[in-house]
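# Results of the structural survey
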Amino acid sequence: MALWYYGSNGNQHGPVEEAELRALIAAGAVGSQTLVWRDGMGDWKPLATVPELGQQVTPSPHVTPAYPGYYPPVAPTSGIAIASMVCGIVALFTCYFAGFLGVVAVICGHIALGQIKNSPVPVGGRGMAISGLVLGYLGILMTVATVVFFAFAFANH
């Protein structure tokens, strides 16, 4: 016999054997809109829609809506990682502030990577922090190269 799981009061119960689940249905502890699942099913379904168990259920006068499927939580993105990436992008497109924004991008990128690494809960944005670091270093390099170019140009003139 198949082992079943069912949800009630926001909790998952099981595994229970089919005979035990049928006894819960007969006792009214499991209703027609209770979500059930067994191995081989794609997703949790209301009991009334499961052919092998649904015939035993008498519809209740109060129908509650079915709950959507479970979706794993998404880790929040680090705001400092976003700031690092934005400053790095802007540093490449601004001539006079490339060095300043590049430094900001590098500092924010290192802070974000440290926070992401040491956070007790998962935090997203590692790729943004790394791209902010790369673009920030490029902005600083462009500023240094421009200063060196003009220094040589005016020194030789």
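Per-chain numbering applies: the sequence of each chain, read as written, is numbered from 1 onward. Local features in this predicted model are restricted to residues of pLDDT 70 or higher, and side-chain atom pairs are both shown and tallied only at a pLDDT of 80 or more, whereas totals for entire chains, interfaces and linings draw on every residue. Where side-chain values are given, they derive from all heavy atoms of the structure, hydrogens and water being excluded.

Further remarks concern the overall build of the protein chain. To qualify as a helix, a DSSP run of H or I must reach at least 4 residues; to qualify as a strand, a run of E must reach at least 2; elements of each kind are numbered from the N terminus. For the protein chain, the count of helices and strands is five helices and four strands. Every one of the 157 residues in the protein chain was classed for burial, and the buried ones make up 28%. Relative to all contacts within the protein chain whose residues are 6 or more apart in sequence, the contacts with residues 24 or more apart total 57%. Note on exposure labels: buried denotes an accessible area under 20% of the residue type's maximum, exposed denotes more than 50%, and partly exposed covers the range between, all computed with a 1.4 Å probe on protein chains only. What makes two residues a contact is simply this: any of their non-hydrogen atoms within 4.5 Å.

For a regular strand, side-chain orientation follows a simple rule: the groups alternate between the two sheet faces. Following DSSP output, two strands are said to pair if at least two bridges run between them. In terms of strand pairing, strand β1 (residues 3-8) meets strand β3 (residues 35-38) through three bridges, oriented antiparallel. Within the sheet, the bridge partner assigned to Y6 lies in β3 and is V36. Relative to strand β4 (residues 45-46), β3 runs antiparallel, the two sharing two bridges. Within β4, the position partnered with V36 by the bridge is K45. Hairpin connection from β3 to β4: six residues lie between these consecutive antiparallel strands, with G40 at a positive phi of about 105 degrees.

To continue, consider the sheet that holds β4. Across the sheet, four strands lie side by side as β2-β1-β3-β4; this open sheet has antiparallel pairing. Two strands bound the open sheet, and with one partner strand each, they are β2 (11-17) and β4. Sheet analysis places β1 next to β2, joined by five bridges and oriented antiparallel. Each bridged residue has a counterpart across the sheet, and for G7 the counterpart in β2 is Q12. To get an axis, a line is fitted to the C-alpha atoms, and for a helix only the part in contact is used. The angle between two axes follows their N-to-C directions and goes from 0 to 180 degrees. Relative to the sheet, helix α1 (residues 18-27) contacts β1 and β2, its axis offset from that of β2 by approximately 125 degrees.

Moving on, we come to the environment of L92. Here L92 is to be found in helix α3 (residues 79-93). What makes L92 partly exposed here is its relative accessible area of 27%. Considering only alpha carbons, one finds L92 and M142, 50 residues apart in sequence, at a separation of 8.3 Å.

Further remarks concern the confidence of the model for the protein chain. Per-residue confidence for the protein chain gives a mean pLDDT of 82, with 85% of residues at or over 70. Known as pLDDT, the predictor's per-residue confidence is scaled from 0 to 100. Across the protein chain, α3 holds the top mean pLDDT of 92, while helix α2 (residues 51-54) sits lowest at 73.

When we look at a pair of aromatic rings, we describe it by the centre distance and by the angle of the planes. Here is the rule: rings of Phe, Tyr and Trp (six-membered ring for Trp) pair when centre to centre is within 6.5 Å. Planes less than 30 degrees apart are stacked, more than 60 are edge-to-face, and the remainder are tilted. What the rule picks out here adds up to four aromatic pairs. When the centroid spacing of 5.7 Å and the interplanar angle of 45 degrees are considered together, the rings of Y5 and W37 count as tilted. Here W37 lies in strand β3 and Y5 lies in strand β1, a separation of 32 residues in the sequence. With a relative accessible area of 22%, Y5 lands in the partly exposed category. Residue W37 is classed as partly exposed on the basis of its relative accessible area of 23%. One aromatic cluster in this structure is built from Y5, W37 and W44.

One way to say it: the disulfide is the covalent bond shared by the sulfur atoms of two cysteines. Working definition: a disulfide is two cysteine sulfur atoms within 2.5 Å of each other. Taken as a whole, this structure holds zero disulfides when the rule is applied. The closest cysteine sulfur to the non-disulfide-bonded C87 is located on C108, 5.7 Å from its own sulfur. The exposure class assigned to C87 is buried, which follows from its relative accessible area of 16%. C108 sits in the buried class, given a relative accessible area of 17%.

Glancing now at the environment of L53. Positionally, L53 belongs in helix α2. Put simply, L53 and S32 are 21 residues apart on the chain and 9.6 Å apart in space, counted from C-alpha to C-alpha. For L53, the contacting residues outside a window of four places in its chain are W4, E18, L21, R22 and L47.

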